[in-house]
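These are the residues of each chain, in order.
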Amino acid sequence: MVVRAGREFLAIPGPTTMPDEVLRAMHRPALDIYSADMVRLTDGLHVDMRRLFRTSGHAYIYIANGHGAWEAVLSNTLSRGDDILVLESGRFATGWGDAATAMGVNVEVLKGDIRRAVRPAEVEARLRQDTERRIRLVLVVQVDTASGVVNDIAAIGKAIRAAGHDALFAVDAVASLGCMPFEMDAWGVDIAMSASQKGLMTPPGLAFVAANDRARRRHRDAGLRTPYWDWTLREGQEHYRKYSGTAPVHLLYALRAAIDLLTAETLENSYRRHHLLAQAVRQAVATWTEGGAIAFNITAPAERADTVTTIRLDGGHDPRALQHYCSEKCGVALGTGIGDLSGKAFRIAHMGHVNAPMVLGTLGVVEMALNALGIPHGRGGCDAAIRTLSDNVPA
Ligand SMILES: *Cc1c(COP(=O)(O)O)cnc(C)c1O
């Protein structure tokens, strides 16, 4: 017996559910890439990306995924043999660091823990030790999509300045941009990057980088620059150069529609919506933990991200059986545990085009799976989630 039909619910942290407006925006003929309309589309999106990152710096749009944007940041600011510091809090900052290692950069990882956020005081202490100022760049993620942590980017920015260090500060906002507050300039971030297929509700294939003047000055003598990623080549007036070739016309139409939706909603409401829906998920999970087999991966409640929740299953219960049940019986795709959490955890994503029925539906299906699989859990998780929402969304 299955109770699935119709559209699958995607509760994975990317690619995320695309709004119908975004899908429809792509159903049209291509644009003449030498036309004024093309230039207008590109110019408007660059303005919007700066607005999303909250920077007066420069924005670049690449045909790439997040891994491409990582490489764009590294190649534009570093030379072979440079030292950088990677702040570990899960899997993604270290993944970015692995790319740097492969490019000939010396990577030091400030050891973290998959169950907690980066400690700004540890960042400050490490940078103070670097009396020769060898560290050129500090890398961190805002939300680590594997661990489900949110790092305090403002506090890390402060710690770097408190150490009196001149390293550039680069932040991965792939799993948070558009969903949680991000303040590139106010938080002292020199370079930020993101991608289209998570909070921005657009197909995979577009990557975004924003850089301030300090980063662009460093860029001038970066030895790892290559023609495709190079900021300088993309900064001129010639439109064709802005994408190092043909523009990804349909993805840009999709992004235009997605940003228009976010603008109509307002970013503030999007942040609030993500926070409330995340609270609903966390209330349900907190109730389920009473059975002893379920736990939050991130131990401190304040360090749990508003875009994805990573849930550990203990006591010999296999999260893959739960995921299999949700997907095969109900058509709900949950995120799998990755890296050190493989076979130990599953993830519920709540980022981008999500609303109360989608989140409550997903939680209902997870609870159904816990029942059907005989996984011990506290009763009433969905009820707790509903109460969180009704308490915070008054009539
Ligand atoms: C998904 C993700 C990435 C990688 O993005 P791809 O588009 O898959 O290359 C990088 N960082 C974070 C935090 C992510 O969630």
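Please read these numbers as outputs of a predicted model, since none were measured by experiment.

Trainee: How should I be thinking about the pattern of salt bridges in this particular structure?
Mentor: Opposite charge on two side chains makes pairing possible when the charged atoms of those side chains draw close. Tallied over the full model, the rule gives 21 salt bridges. With its nearest N and O atoms 2.9 Å apart, the salt bridge here joins Arg 128 to Glu 124. You can see Arg 128 and its partner Glu 124 sitting in helix α5 (residues 120-129), four residues apart, about one turn around the helix. Connected through salt bridges with shared partners, the residues Asp 48, Arg 51, Arg 256 and Asp 260 form a single ionic network.

Trainee: Is there a simple way to explain the site of the ligand in this structure?
Mentor: The ligand sits among Asn 65, Gly 66, His 67, Trp 70, Phe 92, Val 143, Thr 145, Asp 172, Val 174, Ala 175, Gln 197 and Lys 198. A distance of 3.4 Å separates an oxygen atom of the ligand from a polar side-chain atom of Asn 65. Take Gln 197: an N or O atom from its side chain is 2.7 Å from an oxygen atom of the ligand. It is helix α3 (residues 66-77) that contributes the most residues to the shell around the ligand, three residues altogether.

Trainee: Would you mind going over the domain arrangement of the chain with me for this structure?
Mentor: How big an interface is tends to be expressed through the accessible area that disappears when the partners come together. In terms of domain boundaries, the chain breaks down into domain 1 (9-16 + 266-392) and domain 2 (31-263). If you average the C-alpha positions of domain 1 and of domain 2, the two centres end up 28 Å apart. Counting residues at the interface gives 30 residues for domain 1 and 30 residues for domain 2. Summed over the shared surface of domain 1 and domain 2, the result is one salt bridge. Of the charged contacts in the structure, one is a salt bridge between Arg 119 and Glu 303, with a shortest N-O distance of 3.3 Å. The tally of links between domain 1 and domain 2 comes to 19 residue pairs in polar contact (both at pLDDT 80 or more). The greatest single-element share of the side of domain 1 that touches domain 2, amounting to four residues, is contributed by helix α10 (residues 267-288).

Trainee: Looking at this structure, I do not really get the environment of Thr 77. What am I missing?
Mentor: Within the element layout of this structure, Thr 77 appears in helix α3. Here Thr 77 falls in the buried class, since its relative accessible area comes to 3%. Here the alpha-carbon distance between Thr 77 and Glu 235, two residues 158 residues apart in the chain, equals 15 Å. With near-sequence residues (within four places) excluded, Thr 77 lies in contact with Leu 137, Leu 168, Ile 191, Ala 215, Ala 222 and Trp 231.

Trainee: I would appreciate a short explanation of unusual backbone geometry in the present structure.
Mentor: Note on backbone geometry: most residues besides glycine have negative phi, and most peptide bonds are trans. Put simply, Gly 14 and Pro 15 share a cis peptide bond, and its omega is -5°. For Pro 15, the location among the structural elements is in the loop between β1 (9-11) and α1 (20-25). Of note in the backbone geometry, Arg 133 takes a positive phi value of approximately 55° without being a glycine. Among the structural elements, Arg 133 can be located in the loop between α5 and β5 (135-141).

Trainee: Even after reading the chapter, I still don't get the side chain of Asp 130, so can you show me in this structure?
Mentor: Looking at the element boundaries, Asp 130 is found in the loop between α5 and β5. It turns out Asp 130 is buried and unbridged, and the closest side chain with the opposite charge, Arg 133, is 5.2 Å from it. Polar side-chain contacts of Asp 130 include one of 3.0 Å to the backbone nitrogen of Ile 135. Here the side chain of Asp 130 touches His 165 through a polar contact of 2.7 Å, side chain to side chain.

Trainee: Please clarify how the pairing of strand β12 (residues 308-313) should be interpreted in this entry.
Mentor: Two faces make up the sheet, and in a regular strand the side chains alternate between them. Summarising burial for β12: six of the six residues are buried, a large majority. Residues Val 308, Thr 310 and Arg 312 point to one face of β12 and Thr 309, Ile 311 and Leu 313 to the other, with burial holding for every one of them. Where strand β11 (residues 294-296) and β12 come together, three bridges link them in antiparallel fashion. Paired with Phe 296 across the bridge in β12 is Ile 311. Summarising the sheet, β12 and strand β14 (residues 345-349) pair through five bridges and their orientation is antiparallel. Among the inter-strand pairings, Ile 311 is bridged to a residue of β14, identified as Phe 346.

Trainee: When you look at the packing of helix α2 (residues 36-53) against helix α9 (residues 249-265) in this model, what are you seeing that I'm missing?
Mentor: In a pair of packed helices, the angle between the axes and the distance between the axes together describe the arrangement. It is the contact of α2 with α9, at a shortest axis distance of 10 Å, that shows an interaxial angle of 45°. Looking at the two axes, α2 sits oblique to α9. In this structure, α2 crosses over α9, and the sense of that crossing is left-handed. On α9, the residues that touch Met 38, Leu 41, Thr 42, Gly 44, Leu 45, Asp 48, Met 49, Arg 51 and Leu 52 of α2 are Val 249, Leu 252, Tyr 253, Leu 255, Arg 256, Ile 259, Leu 262 and Thr 263.

Cut-offs applied
- Residues numbered from 1 in each chain as written.
- Predicted model: local features only at pLDDT ≥ 70, side-chain atom pairs only at ≥ 80, totals over all residues.
- Heavy atoms only, no water.
- Salt bridge = Lys/Arg side-chain N within 4 Å of Asp/Glu carboxyl O.
- Helix = DSSP H or I, 4+ residues; strand = E, 2+ residues; numbered from the N terminus.
- Near = heavy atom within 4 Å.
- Polar contact = N/O pair within 3.5 Å; in protein donor to acceptor, adjacent residues only side chain to side chain.
- Domains from an automatic or database assignment.
- Contact = heavy atoms within 4.5 Å.
- Buried < 20%, exposed > 50% of the residue type's maximum accessible area, 1.4 Å probe, protein only.
- Lys, Arg positive; Asp, Glu negative; His and termini not counted.
- Pairing = 2+ DSSP bridges.
- Axes fitted to C-alpha atoms, helices over the stretch in contact; angles between N-to-C directions.
- Parallel < 35°, antiparallel > 145°, perpendicular 65-115°, else oblique.
- Left-handed = near helix turned anticlockwise from the far one by under 90°.

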